[in-house]
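Coordinate inspection notes
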Amino acid sequence: MIAGIPMSIQILPEEVASQIAAGEVVERPSSVVKELVENSIDAGASDIRVEVREGGKGSIRVVDDGSGVPADQVELAFERHSTSKLRSSDDLERITTLGFRGEALAAIAAVSRLTFTTRSAAEPAGTVLRLEGGKVIRSEETGRPPGTTVEVEDLFFNLPARRKFLRTERTERRHIDSWLTSYAMAYPGLRLTLYHDGEMAFQSPGSGHLRDVLVAVYGLEVGGALLEIVPDEAQAMDGARVAGFVSPPSLHRANRSYITLFVNGRWVRDTRLTYAVIQAYHTLLPGGRYPLAVVLVSLPAAGVDVNVHPAKAEIRFKDGDAVFRAVQRAARATLLARSPVPMATHLPSAWPGQATTWAGQRREQLVAAGAAWTDRLPALDHGQPDLPPPADARARPLPPLRVVGQLGATYIVAEGPEGMYLVDQHAAHERVLFERMLADRVKAEVASQALLEAKTLDLPPESAGLLEENLQALLALGFDLEPFGRGTLLVRALPALVAEEDPRQVLEDAAAALAVDDRPLGERVEETVARQVCKRAAVKAGKVLSHEEMRELIAQLERCTSPRTCPHGRPTMIHLSVDQLARQFGREGP
Ligand code: ADP
Ligand code: MG
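All of these numbers come straight from a predicted model, not from anything done at the bench. (Residues numbered from 1 in each chain as written. Chains lettered and ligands numbered in written order. Predicted model: local features only at pLDDT ≥ 70, side-chain atom pairs only at ≥ 80, totals over all residues. Heavy atoms only, no water.)

Focus: the sheet that holds strand 2 (residues 59-64)
The following threshold applies: One requirement defines pairing of two strands: DSSP has to find at least two bridges between them. Helix and strand labels come from DSSP, where a helix needs a run of H or I of at least four residues and a strand needs a run of E of at least two; each type is numbered from the N terminus. Angular values range over 0 to 180 degrees, each being the angle between N-to-C directions of two axes fitted as lines to C-alpha atoms, with helices fitted over their stretch in contact. Whether two residues are in contact is decided by their heavy atoms, any of which lying within 4.5 Å being enough.
Taken in spatial order, the eight strands line up as 5-4-3-6-2-1-7-8 in an open sheet, and their pairing is mixed. The sheet terminates laterally at strand 5 (135-142) and strand 8 (199-203), the two strands that pair on one side only. Between one strand axis and the next, the sheet turns by 15° as a mean value, whatever way the strands run. Where strand 4 (residues 126-132) and strand 5 come together, seven bridges link them in antiparallel fashion. Each bridged residue has a counterpart across the sheet, and for Thr127 the counterpart in strand 5 is Glu141. Relative to strand 7 (residues 191-196), helix 5 (residues 169-186) is tilted by about 170°, and along the sheet it contacts strand 1 (47-53), strand 7 and strand 8.

Here we look at the packing of helix 8 (residues 271-280) against helix 9 (residues 320-338)
This is how it is decided: Roughly parallel means an angle under 35 degrees; roughly antiparallel means over 145; roughly perpendicular covers 65 to 115; every other angle is labelled oblique. Throughout, a crossing is termed right-handed when the near helix is turned clockwise from the far one, and left-handed when it is turned anticlockwise from it by less than a right angle. We call Asp, Glu, Lys and Arg charged. Ala, Val, Leu, Ile, Met, Phe, Trp, Tyr, Cys and Pro are nonpolar, and the rest, Gly among them, are polar.
The N-to-C vectors of helix 8 and helix 9 enclose an angle of 30°; their axes lie 8 Å apart at closest approach. In terms of orientation, helix 8 and helix 9 fall into the roughly parallel class. Handedness of the crossing formed by helix 8 with helix 9: right-handed. Two secondary-structure elements touch here, helix 8 through Arg272, Leu273, Tyr275, Ala276, Val277, Gln279 and Ala280 and helix 9 through Gly320, Asp321, Val323, Phe324, Val327, Gln328, Ala331, Arg332 and Leu335. A class-by-class count of the residues in the contact of helix 8 with helix 9 yields ten nonpolar, three polar and three charged.

Considering the layout of surface pockets
To be explicit about the condition: Residues are called lining when one of their atoms sits within 4 Å of a cavity or pocket point, these points coming from a 1 Å grid over the protein atoms alone, where a cavity is a set in which a 1.4 Å probe fits but cannot get out and a pocket is an open set with protein on both sides within 12 Å along at least five of seven lines. Grid points are joined across faces, edges and corners, and a volume is the space filled by probe spheres set on the points.
The space that makes up the second largest pocket amounts to roughly 1100 Å³. Around the second largest pocket, the lining is made up of 38 residues, and of these His175, Ser178, Ser257, Trp267 and Arg269 lie nearest the centre. Among the elements that take part in the lining of the second largest pocket, helix 5 stands out by supplying eight residues, more than any other. The class makeup of the residues in the lining of the second largest pocket is 15 nonpolar, twelve polar and eleven charged.

Side note on the site of ligand 1
Applied cut-off: Proximity criterion: a residue is near a molecule or strand once any of its heavy atoms comes within 4 Å of it. Two N or O atoms form a polar contact when they lie within 3.5 Å of each other; inside protein one atom must be a possible hydrogen donor and the other a possible acceptor, and for residues adjacent in sequence the pair counts only when both atoms belong to side chains. To be clear on the numbers: accessible area is Shrake-Rupley with a 1.4 Å probe, and residue cover counts the displayed protein chains and nothing else.
Looking at ligand 1, there are 20 residues lining it, with Asn39, Thr83, Ser84, Lys85 and Gly102 nearest. In the model, an oxygen atom of ligand 1 is placed 3.2 Å from a nitrogen or oxygen of the Ala104 main chain. In the model, an oxygen atom of ligand 1 is placed 2.9 Å from a nitrogen or oxygen of the Leu105 main chain. In the complex, 93% of the free accessible area of ligand 1, which totals 530 Å², lies under the protein chains. Of all the secondary-structure elements, those providing two or more residues to the shell around ligand 1 are helix 2 (29-42) and helix 3 (104-110). Of the residues that constitute the shell around ligand 1, the class distribution is six nonpolar, ten polar and four charged.

Digging into the side chain of Ser31
Its place among the elements puts Ser31 in helix 2. Polar contacts involving the side chain of Ser31 include one to the main-chain carbonyl oxygen of Arg28, which spans 2.7 Å. What Ser31 contacts, discounting residues up to four positions off in sequence, is Val25 and Val26.

Quick look at helix 12 (residues 461-469)
Along an α-helix, residues three or four apart share an orientation, since each turn contains 3.6 residues. Heads up, the rule is: Throughout this description, buried means an accessible area under 20% of the type-specific maximum (1.4 Å probe, protein chains only), exposed means over 50%, and partly exposed covers the range between.
Of all nine residues that make up helix 12, eight are buried, and the element is covered over most of its length. Those residues of helix 12 not exposed but buried are Pro461, Ser463, Ala464, Gly465, Leu466, Leu467, Glu468 and Glu469. Those residues of helix 12 that are buried are in contact with helix 5, helix 6 (210-225), helix 13 (471-476), strand 20 (480-485), strand 21 (488-495) and helix 14 (503-516).

Concerning a negative patch on the surface
Quick reminder of the rule: The patches reported here contain residues having more than 30% relative accessible area and no salt bridge. Joining distances are 9 Å for like charges and 5 Å for nonpolar side chains (Val, Leu, Ile, Met, Phe, Trp, Tyr). A pair is scored as a salt bridge if a Lys or Arg side-chain nitrogen falls within 4 Å of a carboxyl oxygen belonging to Asp or Glu. By the counting rule applied here, Lys and Arg register as positive and Asp and Glu as negative, while His and the ends of each chain are not counted. For charged residues, the charge sits on one atom: NZ in Lys, CZ in Arg, CG in Asp, CD in Glu.
Negative charge collects at one region of the surface, where Glu54, Glu169, Asp197 and Glu199 lie side by side. Of note, Glu54 is situated in the loop between strand 1 and strand 2. A residue is classified by how much of its surface remains accessible, and Glu54, at 41% relative accessible area, is partly exposed.

Comments concerning the pairing of strand 3 (residues 113-119)
Of all seven residues in strand 3, six are buried, a share of seventy percent or more. As defined by bridge partners, strand 3 adjoins strand 4 across six bridges and the pair is classed as antiparallel. Within strand 4, the residue paired with Arg113 across the bridge is Glu132. In this structure, strand 3 lies alongside strand 6 (residues 147-153), joined through seven bridges in antiparallel fashion. Note that in strand 6 the partner of Thr118 across the bridge is Thr148.

Concerning the packing of helix 12 against helix 14
Interhelical geometry of helix 12 versus helix 14 gives an angle of 80° and a closest axis separation of 9 Å. Our classification of the angle between helix 12 and helix 14 gives roughly perpendicular. Together, Ser463, Leu466 and Leu467 of helix 12 and Leu507, Glu508, Ala510, Ala511, Leu514 and Ala515 of helix 14 make up the contact between the two elements. Here the contact of helix 12 with helix 14 is composed, by residue class, of seven nonpolar, one polar and one charged.

Structural notes on the packing of aromatic side chains
The test is simple: Any Phe, Tyr or Trp ring, taking Trp's six-membered ring, that has another such ring centre within 6.5 Å forms a pair; planes under 30 degrees apart are called stacked, those over 60 apart edge-to-face, and the others tilted.
Using the criterion set out here, one finds six aromatic pairs in the structure. Taking the centre distance of 4.2 Å and the plane angle of 25° together, the rings of Trp179 and Tyr183 count as stacked. Of this pair, Trp179 and Tyr183 both sit in helix 5, four residues apart, which is roughly one turn of the helix. With respect to class, Trp179 is no different from Tyr183; both count as buried. Ring centres of Tyr275 and Phe324 lie 6.5 Å apart, and the angle between their planes is 35°; on these two criteria the pair is classed as tilted.

Some points on the pattern of salt bridges
Overall, the coordinates contain 26 salt bridges when judged by the stated rule. For Arg113, the salt bridge is made with Glu132, and the minimal N-O distance between the two is 3.8 Å. Within this pair, whereas Arg113 is found in strand 3, its partner Glu132 is found in strand 4, the two being separated by 19 residues in sequence. With a relative accessible area of 23%, Arg113 lands in the partly exposed category. Taking the relative accessible area as the measure of exposure, Glu132 reaches 29% and is therefore partly exposed. One salt bridge in this structure joins Arg130 and Glu132, with 3.3 Å as the shortest N-O distance. Overlapping salt bridges, with partners in common, bring together Arg113, Arg130, Glu132, Glu153 and Asp154 in one network.

Considerations on a nonpolar patch on the surface
Taken together, Leu12, Val16 and Ile20 make up a surface patch of nonpolar side chains, about 250 Å² in accessible area. Within the secondary structure, Ile20 sits in helix 1 (residues 14-25).

Here's the deal with the sheet that holds strand 19 (residues 448-458)
An order of 19-21-20 is seen for the three strands of this open sheet, with the pairing classed as antiparallel. In this open sheet, the two edge strands, each paired with only one partner strand, are strand 19 and strand 20. The mean inter-strand angle of the sheet, taken between neighbouring strand axes irrespective of direction, is 10°. Bridge count for strand 20 against strand 21 is five bridges, and the pairing is antiparallel. Bridging across to strand 21, Gly485 finds its partner in Thr488.

Here is the structure:
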């Protein structure tokens, strides 16, 4: 071709067209698992085994006990747009199966080496079909019990660019784990078993009770604490029924990835519905914390359009507002009805009047509980951390400040040459700890504290996977962890800053932080985790501080490189300049 002169228009060869189409359906190994398991569910299976090797790059095998495919239809199932689930465009209005596009098998076969073994219960023998890059290379009769086994090997072998861009084995595993445990929640009657490289990683009990699945995924402590959503008859009349579980306000995570949504048995990503859940916790959770939830919405099939996205992860509602309201109300009603102490973790937002009273009430208790948090302040004689110079205006150094007093047990009032400063004690302490921790990390000097007794913890496979994937980075921050397989970790040491905290909470925080950052490489991982550790370690709002403690904290803050924001980017202080004060008091004039 000569540059600038376009090629003539031609229909693409079938092989190229099917590879392009395949790319939309099969993005990564977890999409293969998703499509195959959905087919098994549609086939009425009650027992599904998923065996993954090398995070899916090696092979993915899905074995089910469903209806199987009659011998004379097996090859047809691999044609593009071939499906047993949809006949006419009218049917699109009332889809009750997970599949309907008739694309998945064709797409997966086009980009892998695939073996499909199946037997319909009505037939005496089964069929085995072998395809490579979408071409049938073998088809013969075989004996097997009713059901289907699909084995996908060498995914993307004929799309080297796609194969090259697959993430690490760990990351792919994590996607598969997350996706499969979600489906286990939506189908508690299913027995779903997952193996990674020959080792069982997860099994759902198949008892039909969602609570049992939650315990299998999150462990007894968390799974047992989740609150079952109260059924709402009025909403059901409207057409949207909401079931599932939400966390009590005392249980929360650092990001929203623990909110799982299903609509008519289909896992969906929907920012609005996620927000509906979060909103139900309005004023009940500390800032920057999110609930855990499994929300199962059922609607008449005509109320949703599932045909929006090739991977079927997005849907459209006829009446999105009604669904939003139904979810938000169901969650809120559950919290109000079932939550043990609804307001326990909530700090009053009205300020300062209320906060002062609140602080007064709590004062004794806080003082009594007052372990020496100043122990957590780095000693002053360490000298300046060797960090890069301030990059922007927010990083302007602070003038020397004089502490005046404390407000609402939450803010430090200070005076400087340019007026008054209100410093958020928690945010300020977070900043101090964060800069120190990163500076120590550079020198490989982060203080680590061994637990009196090494502790084994069972974590959700996803969290454990994330931590295992980042052992080195975590080690540099003072975590000493050893993976024991199947979501179990042996904890030997924690960063000294959080050595007194509940190790499970600390690890879940770290995992949640890692889950947000999808690029677990180098510096960034460590910063994300450090931020979370410092957040937990920093002095809380509501803690009464002595004058000495406040002076110490402000002195530390003055030495920070970016004293004006906390590591999460929120301000550590509000500044009222002398000018502003004068204006407010009507003192300005000629
Ligand atoms: P869709 O699920 O959208 O119909 P697929 O390409 O995923 O399209 O599958 C094509 C057809 O193959 C299905 O409609 C179904 O009839 C058959 N099929 C696929 N997997 C299975 C299975 N595990 N058990 C029984 N039938 C299956
Ligand atoms: Mg399908």
